[in-house]
Amino acid sequence: MNSDQADILDLLAGHTDDSTIERLAFECLMTNLTDDRVASLMNVLGWRGNFDCFAIGGTPKVSPASASLVARNAVRDLGGEHAIVGTYGSFLLVLVCQMGAATAEVTCTSVMSAFSEDEPVYLSPVRSGVVGASHVLRETLFSLQAAPALASPSRPLRADELLPERALLGDDYAREELYQNVYRVLHGDNPDDPTFVTVSTFLRNGSSLENTAKDLNVHPNTVRYRLKRAAETTGWDATDPRDAYVLTTALAIGRMRDR
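Residues numbered from 1 in each chain as written. Predicted model: local features only at pLDDT ≥ 70, side-chain atom pairs only at ≥ 80, totals over all residues. Heavy atoms only, no water.

Some words on the packing of aromatic side chains
Next, step 1: Scanning the entire structure with this criterion turns up three aromatic pairs.
Next, step 2: With 5.6 Å between their ring centres and 20° between their planes, Tyr179 and Tyr183 make a pair best called stacked. In this pair, Tyr179 and Tyr183 both sit in helix α8 (residues 172-187), four residues apart, roughly one turn of the helix. Across this residue pair, the class does not change: Tyr179 and Tyr183 are buried. (Phe/Tyr/Trp six-rings, centres within 6.5 Å; stacked < 30°, edge-to-face > 60°. Helix = DSSP H or I, 4+ residues; strand = E, 2+ residues; numbered from the N terminus. Buried < 20%, exposed > 50% of the residue type's maximum accessible area, 1.4 Å probe, protein only.)

Structural notes on the environment of Leu141
Next, step 1: As for its position among the elements, Leu141 is in helix α6 (residues 129-146).
Next, step 2: Once the C-alpha coordinates of Leu141 and Tyr179 are considered, the two residues, 38 residues apart in sequence, prove to be 21 Å apart.

Thoughts on the pairing of strand β3 (residues 91-97)
Next, step 1: Among the seven residues in β3, seven count as buried, and that is most of the element.
Next, step 2: Side chains Phe91, Leu93, Leu95 and Cys97 project from β3 onto one buried face, and the interleaved Leu92, Val94 and Val96 project onto a second face that is buried too.
Next, step 3: Here strand β1 (residues 52-58) pairs with β3 via six bridges, running antiparallel. What sits directly across from Ile56, in β3, is Val94.
Next, step 4: Here six bridges tie strand β2 (residues 83-88) to β3, and the two strands are oriented antiparallel to one another. Among the inter-strand pairings, Thr87 is bridged to a residue of β3, identified as Leu92. (Pairing = 2+ DSSP bridges.)

A closer look at the pattern of salt bridges
Next, step 1: Inspection of every chain in the model, using the stated rule, returns eleven salt bridges.
Next, step 2: A salt bridge links Glu176 to Arg257, with the nearest nitrogen and oxygen atoms 2.7 Å apart. Of this pair, Glu176 sits in helix α8 while Arg257 is found in helix α12 (residues 241-258), placing the two residues 81 residues apart along the sequence.
Next, step 3: Put simply, Asp193 and Arg229 hold a salt bridge, and the shortest N to O gap is 3.3 Å. With Asp193 in the loop between α8 and α9 (195-204) and Arg229 in helix α11 (residues 220-234), this residue pair connects regions lying 36 residues apart in the sequence.
Next, step 4: Owing to a relative accessible area of 31%, Asp193 belongs among the partly exposed residues under this scheme.
Next, step 5: In this structure Arg229 comes out as partly exposed when scored by relative accessible area, which is 29%. (Salt bridge = Lys/Arg side-chain N within 4 Å of Asp/Glu carboxyl O.)

Function cannot be inferred from these measures alone, as they are strictly geometric.
Here is the structure:
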């Protein structure tokens, strides 16, 4: 625990109003502090049990205060009861407890007007509990910071769209996702499965089917088949330039980690 986190937790013993408690909860979650004391803090705000939650973030259209009001009203109008709102630099982040009609997609649509139309908006997946709350807030911040790397970001941005860029920014969640769900899946458990070596050789050869086939001593159609199977398994297509970048990053992370 760093000194800032300790200072935050020291305030928990004091008598504070809900807005101060919310600010403290936001700061704890953003610094990846998720122990029992933070769970208790969330409990005070009504976030009890293993709640489901998601986060939305972007640059406010007018001001953080007005965007916060829009977000809170939208959550309440949809039957939700809990929202934690905070700022980080120029970004406004909203953590929402999923209940009633306050689902991720519906809530995001309802609050979109609060954010600048010229800047990215990010919608996280739904995750559970205090650890999940920290996860969605932190991945929202990393995604917003990484968004300028995309020439045409979707609106809203989704979790998988910026995995390599988030990893470059130091996002541990993105690195773990690339390692577990891309590298490890691609590698598989069967040492005789040629999928991994085919994809890695294809990427090393600048996406050349002919050179890959030559290096592996197989027909180009065999390479095509293996690449198609890898795409079906991992969800990332090595023949697509963007997906190839994701795979290349995952391979680099996996090789470094396995060493």
